[in-house]
Amino acid sequence: ASDGGREAFLVGRGDQQVTLHDLATEAPLGALRDLQSWVSVVAVSRDARWIVCSDGLHWSLWDLAARRCVRTFEAPKLITRAVFLASGELVTLDWAGTVHRYAIEAPSQAPTIVALPRRSRELTEGRVAVDAALAEATAALDRGRITAALAAARRAREAKSFERAPDVLAVWERIAQRARRTGVRAVWPVDRWGAVKASSGLAIDPSRRFIASADSMGTVSVRSLASGGMPERTREIKFPDGELAARSLAVSADGTLLAVGTYKHVHVFDLTGGPTRMSTVPRGYARALAFGGPQGGLLAVLDDHGHAHVIRLADMERTATVRGPENWVNAVAFAGDDRLIVGDYDGHLVLWDLARAAESGFAPGEWNSDDDRGPAPPEAFVRDYTGFTSAGRRSVAAVKVKDGRVFHACADGALHVLDLDSGERVISLTGHRAPVSCFDLLGEDHVVTGSFDKTARIFDLRSGECLAVVEGHTHVIWDIAVIDAQHFVTASDDDQARRFHVDWELAPPDEWS
């Protein structure tokens with residue numbers, strides 16, 4: 001805060017004092033000491049007679065010339081801002097958005113408190129206009145008139161101070177389900193799950209009922225998304241010290257099974273209350289997991305020696321194993337019921353036939369670093385979409401298959417999209433300044449990516465345009481899970497899971513859609 005003549009400024013400090021400094025020289029001019037607590041809010045009157053300082057819960061009125069406290073008051077709610085008006089009145093804002101006004105009449109009298117409504121007259125009048133626009137938008141939406149609904153909702157969003165009002169956003173999101181998403185207006189954080197500490201991995205139920213996370217201490221938490229608010233933990237899974245959860249998590253298509261890879265085994269937890277199962281293959285670090293196969297009855301597991309194992313969930317027995325041309329495999333996904341795609345450190349993206357792999361009888365081998373090592377078994381090899389480049393420069397970090405297309409995150413800073421049958425490149429999404437580590441599809445036409453550059457980006461899959469850059473994490477983003485078309489969660493090495501809201505720019509649907 002500064003004094004009315006802008007000749008001095010004040011600093012509220014954590015050691016229970018407010019210091020006064022000369023604005024030109026920054027030299028200290030004195031201090032207000034022996035305050036009740038640390039100071040988070042400071043305000044000074046225009047005539048530089050009064051100073052108000054607060055810890056949020058209490059505030060004190062000081063006579064600046066005398067350097068003495070005149071009155072101490074208890075705040076109705078936590079104070080976040082304070083300012084003196086030209087009239088000499090003090091206005092405070094609390095965390096709930098309520099404005100309080102105080103009149104400073106005399107040093108010996110308590111200030112006169114004038115309670116204001118939650119909204120000023122301008123906001124109240126705006127609320128009436130917004131309510132009318134929302135009613136019009138809802139009625140048009142119920143009749144299927146998307147263009148009219150969108151026009152009315154835009155009027156509500158353009159009203160001052162109502163851009164992000166919950167009821168306005170709710171109508172906008174209803175329209176978003178039927179309109180075209182042409183861009184991103186903004187992306188903002190909804191909440192930060194500090195207690196989750198999801199630095200390692202995320203897995204979300206396909207029906208979006210719950211989300212699982214693995215933290216840096218090797219603990220897995222399952223949290224319900226049913227309430228729409230802060231996810232409530234429904235289950236916590238801990239492992240012995242020598243068998244901590246790795247970054248590999250997967251949820252079955254029906255949402256009943258959670259697979260967790262540790263540094264020793266693969267565990268499959270029945271979330272409906274059934275028994276937990278464990279696979280003895282592979283023995284050691286499980287790098288990645290994927291459910292798939294007929295009726296979702298198979299689990300693919302990548303080990304630390306370049307193998308992809310396929311496990312039958314009914315009895316947890318290995319049914320097939322394939323081994324790529326390199327030792328380090330990072331990403332796996334099913335391509336239909338009988339094929340598997342595996343991406344590795346050196347840029348290979350290999351498609352395998354699982355039936356042929358099972359018939360070959362190929363069994364897991366040991367570490368093999370021969371330069372001429374080939375895919376095995378050779379009869380199960382279908383194609384290599386990308387081929388060898390150079391170690392690490394096009395490493396595949398994540399892969400998904402959807403609607404005949406293969407999406408893979410690459411160390412070249414791009415997300416590449418290929419045609420599953422022809423192998424032709426459909427589009428490459430670029431913009432990250434470091435390797436892309438993860439991604440998830442955000443509706444039909446968009447995707448959100450995470451990177452070693454600590455940012456997430458939203459891309460349009462049709463044009464390749466980057467619509468938004470999302471910041472907030474201080475370390476690499478390891479995983480992303482989309483909750484719905486408006487919300488996604490990121491997990492980072494900063495031990496935070498963050499949920500973000502995507503505010504779409506909308507347009508009426510195409511004429512013939």
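Residues numbered from 1 in each chain as written. Predicted model: local features only at pLDDT ≥ 70, side-chain atom pairs only at ≥ 80, totals over all residues. Heavy atoms only, no water.

**A few points about the overall build of the chain**
Where we set the bar: Starting at the N terminus, helices and strands are each numbered in turn, a helix being any DSSP run of H or I of at least four residues and a strand any DSSP run of E of at least two. Whether two residues touch is decided by their heavy atoms; if any such pair falls within 4.5 Å, the residues are in contact. The Shrake-Rupley method, run with a 1.4 Å probe sphere, supplies the accessible areas, and residue values consider only the shown protein chains as cover.
Across its full length, the chain carries 4 helices and 39 strands. Once local pairs closer than 6 in sequence are excluded, the contacts in the chain between residues at least 24 apart make up 45%. Split by element, the accessible area of the chain, about 23,700 Å² in all, is 48% carbon and sulfur.

**Topic: the packing of aromatic side chains**
Note the following rule: The pairing test for Phe, Tyr and Trp rings, Trp by its six-membered ring, is centres within 6.5 Å, and the orientation test on the planes gives stacked under 30 degrees, edge-to-face over 60, and tilted for anything in between. Note on geometry: a ring has a charge over it if NZ (lysine) or CZ (arginine) is within 6 Å of the ring centre and within 35 degrees of the ring normal.
Enumeration according to the criterion identifies 6 aromatic pairs in this entry. Where Trp352 meets Phe381, the ring centres are 6.0 Å apart and the plane angle is 85°; that geometry is what we call edge-to-face. Of this pair, Trp352 sits in strand S27 (residues 349-353) while Phe381 is found in strand S28 (residues 381-384), placing the two residues 29 residues apart along the sequence. Positioned over the ring face of Phe439 is Lys400, at 5.7 Å from the centre of the ring.

**What to know about the pattern of salt bridges**
For the record, the criterion: Here, a salt bridge means any Lys or Arg side-chain nitrogen found within 4 Å of an Asp or Glu carboxyl oxygen. Relative accessibility decides the category of a residue: with a 1.4 Å probe and only protein chains considered, values under 20% of the type maximum give buried, values over 50% give exposed, and everything between is partly exposed.
Enumeration over the complete set of coordinates arrives at 18 salt bridges. For Arg157, the salt bridge identified is with Asp503, shortest N-O distance 2.6 Å. In this pair, Arg157 sits in helix H2 (residues 146-158) while Asp503 sits in strand S39 (residues 497-507), placing the two residues 346 residues apart along the sequence. Given the relative accessible area of 3%, Arg157 is considered buried. Between Asp205 and Arg209 there is a salt bridge, with its nearest N and O atoms 2.7 Å apart. Here Asp205 falls in the buried class, since its relative accessible area comes to 0%. Overall, Arg209 belongs to the partly exposed group, its relative accessible area being 42%. What you see here is one network of salt bridges that share partners, running through Arg154, Arg157, Glu163, Arg185, Asp503 and Glu505.

**Describing the sheet that holds strand S30 (residues 405-410)**
Our working definition: Any two strands are treated as partners once DSSP identifies two or more bridges connecting them. Lines fitted to C-alpha atoms define the axes, with helix axes restricted to the stretch in contact, and inter-axis angles between N-to-C directions lie between 0 and 180 degrees.
In space, the 4 strands of this open sheet follow the order S29-S30-S31-S32, with antiparallel pairing throughout. Since the sheet does not close on itself, it has two edges, and those belong to strand S29 (396-402) and strand S32 (425-430), each with one partner. Averaged over all pairs of adjacent strands, the angle between strand axes in this sheet comes to 15°, irrespective of strand direction. Where strand S31 (residues 414-419) and S32 come together, 5 bridges link them in antiparallel fashion. Among the inter-strand pairings, Ala414 is bridged to a residue of S32, identified as Thr430.

**A look at the sheet that holds strand S21 (residues 288-292)**
Strand order in this open sheet of 4 strands is S21-S22-S23-S24, and the pairing throughout is antiparallel. Strand pairing shows two members of the sheet lacking a second neighbour, S21 and strand S24 (317-323), which therefore form its edges. Here the strands of the sheet are splayed against their neighbours by 20° on average, with no regard to which way each runs. Sheet analysis places strand S23 (residues 307-312) next to S24, joined by 6 bridges and oriented antiparallel.

**Here's the deal with the pairing of strand S10 (residues 99-103)**
A one-sided burial pattern is seen for S10, the buried positions being His100 and Tyr102 and the unburied ones Val99, Arg101 and Ala103. Inspection of the sheet shows strand S9 (residues 90-94) paired to S10 by 4 bridges, in the antiparallel sense. Along S10, the bridge assignment pairs Thr92 with His100.

**A few points about unusual backbone geometry**
Across the junction of Val281 and Pro282, the peptide omega takes the value -5°, indicating a cis bond. Between Ala376 and the following residue, Pro377, the backbone shows a cis peptide bond with an omega angle of -5°. One non-glycine residue, Arg208, lies in the positive phi region at around 60°. Mapped onto the secondary structure, Arg208 falls in the loop between strand S13 (201-204) and strand S14 (210-214). Positive phi, close to 50°, is recorded for Asp403, a residue that is not glycine.

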